[in-house]
There are 2 protein chains.
Amino acid sequence: MPQFLNTSDADFETRFTALLGAKREDSPDVDHIVAEIIADVRARGDAAVIELTSKFDRLDLTPDTMRFSQAEIDAECAKVSDADRAALELAATRIRAYHARQMPSDDMWTDEVGATLGWRWTPVSAAGLYVPGGLASYPSSVLMNAIPAKVAGVGRLAIVVPTPDGITNPLVLMAAKIAGVDEIYRIGGAQAVAALAYGTDTIAPVDKITGPGNAFVAAAKRRVFGKVGIDMIAGPSEILVIADNDNDPDWIALDLLSQAEHDESAQSLLITDDAAFGQAVVAAVEKRLETLERRAIAIASWRDFGAVITVANMAEAVALSDRIAPEHLEICTADAENLSNQVTHAGAIFIGGWTPEAIGDYIGGPNHVLPTARSARFSSGLSVMDFIKRTTLSKMTPKALAAIGPAAERLAKSESLQAHGLSVRARLDRLNTGDT
Amino acid sequence: MPQFLNTSDADFETRFTALLGAKREDSPDVDHIVAEIIADVRARGDAAVIELTSKFDRLDLTPDTMRFSQAEIDAECAKVSDADRAALELAATRIRAYHARQMPSDDMWTDEVGATLGWRWTPVSAAGLYVPGGLASYPSSVLMNAIPAKVAGVGRLAIVVPTPDGITNPLVLMAAKIAGVDEIYRIGGAQAVAALAYGTDTIAPVDKITGPGNAFVAAAKRRVFGKVGIDMIAGPSEILVIADNDNDPDWIALDLLSQAEHDESAQSLLITDDAAFGQAVVAAVEKRLETLERRAIAIASWRDFGAVITVANMAEAVALSDRIAPEHLEICTADAENLSNQVTHAGAIFIGGWTPEAIGDYIGGPNHVLPTARSARFSSGLSVMDFIKRTTLSKMTPKALAAIGPAAERLAKSESLQAHGLSVRARLDRLNTGDT
């Protein structure tokens, strides 16, 4: 049973605050181990990576077999059914189209004093993408990480994916192929992150590392941050559904279970203005749980972190949603689009009953890598912006420098940075002598 | 004396790689102390902040005096000369105009299957800005951090600025006032970062913290990252000047010294295609150093990290520049603008001899918070983008779901996420019964 809250209850604020603050993930402290692994890879390169892969993945590699050959990739891809391949290709086409619209423009203009200003966007030269092995080896995540990088213009995109006991997921390789990934290495863990960040004889270093991973991978990403760029450190997934009683409780139940089945730490929340509808959804969840393949996981998530919140009206729902700042927000109400415009903090919004969140996980087009754990208050999902960077541009003319240089000189003086001021003054003096 | 390198030397690659890898900053390991400070502020709030401020800043505060009152701000601002005020206002106007152009657009469209997709940008609700006290208390940094936040639409912007022994920099308060800062607290160090991130009775928590600081502040920002957003952790400043011999060596010398005077760990590099010109610049630097106020700092920086690199041609210069990925790049060559277009990795480019880098520090318009230590390979300077975040939007119609839903269902199945697939299937089945 999930928790039941009602904004009209006297203890609502206390319980809602507790719900917001609930610690859903106990990250083991692996920082010390990860530091040693990174140091080892920096010192011994390929040899360290090979040794650690043998130890953790029970897979013996050589520098020559670390990377999937084109023949190996083709052989794995041949195992993928036509239908699966077509689904991946449709997803890739839609994700590519959505992300292509995100590319920002360069700009350059000359202002009223004659100063030419602007900026220029350029892609990261090389990026590395971490793909988990085993259970959480999702081809959809390959598409969601790799396509924005390629749309951004990243020249070299390398994937690392552990293959414990040598077991490979053909769909992951197919997704990589469709997305245009350049190199695929069968390594994982902190050692793979270290190899990408610092390079080895076999693996050239990259500038940016993205992609999900376990506690070791997350700790390694934090540690190499600065040497390379990283994306967010994602926490367990979460969904908030805002629904009125004009919905099929079973649809809403399935949307809540789509998160709950991910992970025992996932969180599924329902806000409704009809307590009876909330009860109907809970009943529908119970019914679906009876037969769900991943019911053990979903039951634990729903029991420990699920909640149904009854509100007096939808304005209350929006206000609570902004406090939750959900990763996924599904709005199934009569005026869903209007309500969605009132939301300030959410990673992704799914508007209306015909937009189950799962569409966004696979095929809609927007990215499924989204800010978790209330970080939608200050961060965004993955996008082409994660694979480009901006160079600002300034060009003064003598006239422009004459107009604004004296103020710079004065500010430099106020900060006791004499050379700053002199670098402007020397030029202004030349202007005054007319020798330009 | 700086180092002299020449691309035609046999040992160039070795020496250039060593230059790139030179460790310029020895960050003391203060992580343990900072962890304790943060825990203390979380546990005891205002009391801890007050105690630590008394200890580190020799300043006794109460919850009532922690924040500058409007009367105090006005009294400090009254000490600022009209000329300084005018310079700050001109800088603010230009910074505001530049950053206003950075605001990205929302987008929403309906694609060929009838799916409506898009995104919407929203500001961070509350941001905190760290301003160092003492020597490095720069009013220009207040403008460069606060104005993008306000342009982005941040509703509540709080500054923390330590005032050791109660000494306040009136220009910092004036810059804050001009930039529209909402709250100013006379606290600093890790305790101020903790107060902003977690809140106290007096200070409401913020969602994002930006601004430079010492090793304690940097460690605190790293630790609260995740709970709140942070900007980059900036390292010591650096400049690369690419110049041909058609420049006044003294101008170039002053531009190099503008970085060197910041910090003993700062780095000033010159790339030229004329070794004799390089020598002339070095001589000009020596001459200016004789009288420079901050010569002790500048001498150490120029001696330990300065370098003059002679290249055969400007194409070599651009290639080396991209390997350096400099924070500031000044291009003083005949075809400076053309050359600037060939650069891929740089935080900011200053084009032509009439654009000393100091213009960018104060008055040009672009931000002076820029990626250091080669991080321009993967990151950008501060901008309005740091204070907004994107919510992606999806809205399916029954027809759109019928078109793309089956592929989502198939991909869900391939990832063994049954509820994901069922959430789509339940809706598709309704369509098939015609009951929409």
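Residues numbered from 1 in each chain as written. Chains lettered and ligands numbered in written order. Predicted model: local features only at pLDDT ≥ 70, side-chain atom pairs only at ≥ 80, totals over all residues. Heavy atoms only, no water.

K.L.:
Help me understand the overall build of chain A, please; the structure alone is not making it clear to me.
P.N.:
The number of helices and strands found in chain A is 17 helices and 14 strands. Once the C-alpha set of chain A is aligned to its principal axes, its extents read approximately 85 × 60 × 45 Å. For chain A, the residues scored as buried account for 60% of the 436 residues in total. Of the roughly 15600 Å² that chain A leaves accessible, carbon and sulfur atoms contribute 51%. For chain A, the separation between the mean place of its 40 positive charges and that of its 58 negative charges on side chains is 9 Å. (Helix = DSSP H or I, 4+ residues; strand = E, 2+ residues; numbered from the N terminus. Buried < 20%, exposed > 50% of the residue type's maximum accessible area, 1.4 Å probe, protein only. Areas by Shrake-Rupley, 256 points an atom, 1.4 Å probe, with all protein chains shown as cover. Lys, Arg positive; Asp, Glu negative; His and termini not counted. Charge placed at Lys NZ, Arg CZ, Asp CG, Glu CD.)

K.L.:
Would you mind showing me how to read the sheet that holds strand S14 (residues 388-395) of chain B here?
P.N.:
Strand pairs in the sheet, formed through backbone hydrogen bonds, run parallel or antiparallel to each other. Taken in spatial order, the nine strands make up an open sheet running S1(A)-S11(A)-S10(A)-S9(A)-S12(A)-S13(A)-S14(B)-S3(B)-S2(B), and their pairing is mixed. Looking at the sheet topology across the chains shown, the edges are occupied by strand S1 (3-6) of chain A together with strand S2 (107-110) of chain B. Here the average twist between neighbouring strands, direction ignored, is 15 degrees. Two elements, S1 of chain A and strand S11 (residues 307-310) of chain A, share four bridges in a ladder whose sense is parallel. Residue pairing across strands places Phe-4 of chain A opposite Val-308 of chain A, the latter belonging to S11 of chain A. Against the sheet, helix H12 (residues 295-305) of chain A engages strand S10 (267-272) and S11 of chain A, with an angle of about 55 degrees to S10 of chain A. Sheet strands in contact with helix H13 (residues 314-324) of chain A are strand S9 (238-243), S10, S11 and strand S12 (328-332) of chain A, and its direction is about 170 degrees off that of S9 of chain A. (Pairing = 2+ DSSP bridges. Axes fitted to C-alpha atoms, helices over the stretch in contact; angles between N-to-C directions. Contact = heavy atoms within 4.5 Å.)

K.L.:
Any chance you could explain the side chain of Ser-383 of chain B here in plain terms?
P.N.:
Relative to the elements of secondary structure, Ser-383 of chain B occurs in the loop between helix H15 (357-362) and S14. Overall, Ser-383 of chain B belongs to the buried group, its relative accessible area being 1%. There is a polar contact of 3.3 Å between the side chain of Ser-383 of chain B and the side chain of Arg-390 of chain A. Beyond its immediate stretch of four places on either side in the chain, Ser-383 of chain B contacts Arg-390 of chain A together with His-99, Gln-102 and Pro-148 of chain B. (Polar contact = N/O pair within 3.5 Å; in protein donor to acceptor, adjacent residues only side chain to side chain.)

K.L.:
Could you clarify how one ought to interpret the interface of chain B and chain A in this entry?
P.N.:
One widely used convention gives an interface's size as the accessible area the parts lose upon coming together. Taken together, the contact pairs 120 residues of chain B with 120 residues of chain A. In total, about 10600 Å² of surface goes out of reach between chain B and chain A, with carbon and sulfur atoms giving 57% of it. Of all residues in chain B, the largest losses of buried area upon contact with chain A belong to Trp-354, Phe-378 and Arg-427 of chain B, amounting jointly to 8% of the total for that side. Linking chain B with chain A are 16 salt bridges, by the criterion used here. One salt bridge connects Asp-84 of chain A with Arg-410 of chain B, and the closest N-O pair in it is separated by 3.0 Å. Viewed at the interface, chain A and chain B are joined by 70 residue pairs in polar contact (both at pLDDT 80 or more). Residues belonging to the side of chain B that touches chain A are distributed by class as follows: 58 nonpolar, 34 polar and 28 charged. (Buried area = accessible area lost by both parts, 1.4 Å probe. Salt bridge = Lys/Arg side-chain N within 4 Å of Asp/Glu carboxyl O. Nonpolar A, V, L, I, M, F, W, Y, C, P; charged D, E, K, R; others polar.)

K.L.:
I would appreciate a short explanation of the environment of Met-108 of chain A in the present structure.
P.N.:
Relative to the helices and strands, Met-108 of chain A is located in strand S2 (residues 107-110). Looking at Met-108 of chain A, the relative accessible area reads 35%, which means it is partly exposed. For the pair Met-108 of chain A and Ala-192 of chain A, spaced 84 residues apart in sequence, the C-alpha to C-alpha distance is 41 Å. Here Met-108 of chain A is in contact with Thr-116, Leu-117, Gly-118 and Leu-393 of chain A together with Glu-337 and Ile-351 of chain B, once residues within four sequence places are set aside.

K.L.:
Quick question: what am I supposed to make of the pairing of strand S10 (residues 267-272) of chain B here?
P.N.:
On a regular strand, each side chain points to the face opposite its neighbour's, so the side chains alternate between the two faces of the sheet. All names here are of chain B. Of all the six residues making up S10, six are buried; the element is thus mostly covered by neighbouring parts of the structure. The handedness of the strand S9 (residues 238-243) to S10 crossover, carried by helix H10 (residues 249-260), is right-handed. In terms of strand pairing, S10 meets strand S11 (residues 307-310) through four bridges, oriented parallel. The residue bridging Ile-271 from the neighbouring strand is Ile-309, located in S11. (Right-handed = clockwise from strand over helix to strand, strands pointing away.)

K.L.:
Quick question: what am I supposed to make of the UniProt feature "binding site: substrate" (unreviewed entry) in chain A here?
P.N.:
Sites flagged by UniProt as "binding site: substrate" (unreviewed entry) map to Ser-237, Gln-259, His-262, His-328, Asp-361, Glu-415 and His-420 of chain A. The greatest C-alpha distance among the residues just named is 55.8 Å, and with 184 residues of sequence between them they are spread in space as well. Residue placement: His-328 of chain A occurs in strand S12. When sequence neighbours within four positions are dropped, the list of residues in contact with His-328 of chain A reads Ser-237, Glu-238, Ile-239, Leu-240, Gln-259, Ala-348, Phe-350, Glu-357, Asp-361 and Leu-370 of chain A. At a separation of 2.8 Å, a polar atom in the side chain of His-328 of chain A contacts the main-chain carbonyl oxygen of Glu-238 of chain A. Examined against the element boundaries, Asp-361 of chain A turns out to sit in helix H15 (residues 357-362). We classify Asp-361 of chain A as buried; its relative accessible area is 8%. With near-sequence residues (within four places) excluded, Asp-361 of chain A lies in contact with Ser-140, Met-144, His-328 and His-368 of chain A together with His-420 of chain B. (UniProt positions renumbered as here; feature names shortened; annotations may be inferred.)

K.L.:
For this particular structure, what's the right way to read the nonpolar core?
P.N.:
Generally speaking, soluble globular proteins have nonpolar side chains that are buried together. Residues Leu-143, Ile-159 and Ile-184 of chain A together with Leu-143, Ile-159 and Ile-184 of chain B are the most contacted members of the largest nonpolar core, which totals 138 residues. Aside from chain neighbours lying at most four places away, what touches Ile-184 of chain A is Met-66, Arg-67, Phe-68, Ile-73, Ile-159, Val-161, Leu-173 and Ala-176 of chain A. (Core = buried A, V, L, I, M, F, W, Y, C linked by side-chain atoms within 4.5 Å.)

K.L.:
Help me understand the relation of the copies chain B and chain A, please; the structure alone is not making it clear to me.
P.N.:
Think of it as a corkscrew move, a rotation about one axis and a shift along it, taking one chain copy to the other. Superposing chain B onto chain A takes a rotation of 180 degrees plus a shift of 0.0 Å along the axis, which leaves an RMSD of 0.0 Å. The operation mapping one copy onto its partner corresponds to a two-fold rotation axis. Taking C-alpha positions as the reference, the residue of chain B nearest the rotation axis is Pro-104 of chain B, at 3.9 Å. Residue by residue, 100% of the interface of chain B is reproduced at the interface of chain A, so both copies engage with the same surface. (Least-squares fit on C-alpha atoms with pLDDT ≥ 70 in both.)

K.L.:
Teacher, can you tell me more about the packing of aromatic side chains here?
P.N.:
What characterises a pair of aromatic rings is the spacing of the ring centres plus the angle enclosed by the ring planes. Taken as a whole and assessed by the stated rule, the structure comprises 10 aromatic pairs over all chains. The interplanar angle of 80 degrees and the centroid separation of 5.6 Å between the aromatic rings of Trp-119 of chain A and Tyr-98 of chain B together place this pair among those described as edge-to-face. Of this pair, Trp-119 of chain A sits in strand S3 (residues 116-123) while Tyr-98 of chain B sits in helix H5 (residues 82-100), placing the two residues on different chains. Accessibility assignment for this pair places Trp-119 of chain A and Tyr-98 of chain B in one class, buried. Among the aromatic side chains, those forming a connected cluster through ring pairs are Tyr-98 of chain A together with Trp-109 and Trp-119 of chain B. When the ring centre of Trp-109 of chain A is taken as origin, the NZ or CZ atom of Arg-101 of chain B, which lies over that ring, is 3.7 Å away. (Phe/Tyr/Trp six-rings, centres within 6.5 Å; stacked < 30°, edge-to-face > 60°. Lys NZ or Arg CZ within 6 Å of the ring centre and 35° of its normal.)

K.L.:
Please clarify how the pattern of salt bridges should be interpreted in this entry.
P.N.:
Side chains bearing opposite charge may pair, as long as their charged atoms lie close to each other. All names here are of chain B. With the rule as written, the count across this model stands at 48 salt bridges over all chains. As a salt-bridge pair, Arg-156 and Glu-183 come within 2.8 Å of each other at their nearest N and O atoms. Separated by 27 residues along the polypeptide, Arg-156 in strand S5 (residues 156-160) and Glu-183 in strand S6 (residues 183-185) bring together distant segments of the chain. For the pair Arg-156 and Glu-183, a shared accessibility class is recorded, and that class is buried.

K.L.:
Looking at this model, I keep getting lost on the sheet that holds S2 of chain A. Mind explaining?
P.N.:
Taken together, the nine strands give an open sheet; going across it, the order is S2(A)-S3(A)-S14(A)-S13(B)-S12(B)-S9(B)-S10(B)-S11(B)-S1(B), and neighbouring strands pair in mixed fashion. In this open sheet, the two strands that pair with only one neighbour each are S2 of chain A together with strand S1 (3-6) of chain B. Strand-to-strand, the axes of this sheet are offset by a mean angle of 15 degrees, without reference to chain direction. Where helix H11 (residues 275-291) of chain B meets the sheet, it contacts S1, S9, S10 and S11 of chain B, and its direction lies at approximately 150 degrees from that of S10 of chain B. Running at roughly 170 degrees to S9 of chain B, helix H13 (residues 314-324) of chain B makes contact with S9, S10, S11 and strand S12 (328-332) of chain B of the sheet.

K.L.:
Before we go on, may I ask you to explain the domain arrangement of chain A in this structure?
P.N.:
The domains assigned to chain A are domain 1 (31-103 + 123-230), domain 2 (235-378) and domain 3 (396-432). The C-alpha centroid of domain 3 of chain A is placed 50 Å from the C-alpha centroid of domain 1 of chain A. (Domains from an automatic or database assignment.)

K.L.:
Can you walk me through the environment of Met-1 of chain A in this structure?
P.N.:
All names here are of chain A. Tracing the chain through its elements places Met-1 in the segment before S1. Of the residues examined, Met-1 reaches a relative accessible area of 60% and is grouped as exposed. Between the C-alpha atoms of Met-1 and Ala-348, which are 347 residues apart in sequence, the distance is 27 Å. Beyond its immediate stretch of four places on either side in the chain, Met-1 contacts Val-282, Glu-286, Trp-302 and Arg-303.

K.L.:
Is there a simple way to explain the UniProt feature "active site" (unreviewed entry) in chain A in this structure?
P.N.:
Residue and element names in this part refer to chain A. On the UniProt side, "active site" (unreviewed entry) is annotated at positions that read Glu-327 and His-328 here. Glu-327 sits in the buried class, given a relative accessible area of 5%. Leave out the neighbours within four places in its chain, and Glu-327 touches Ser-237, Glu-238, Gly-347, Ala-348, His-368, Leu-370, Pro-371 and Thr-372. Classification of His-328 as buried rests on a relative accessible area of 2%.

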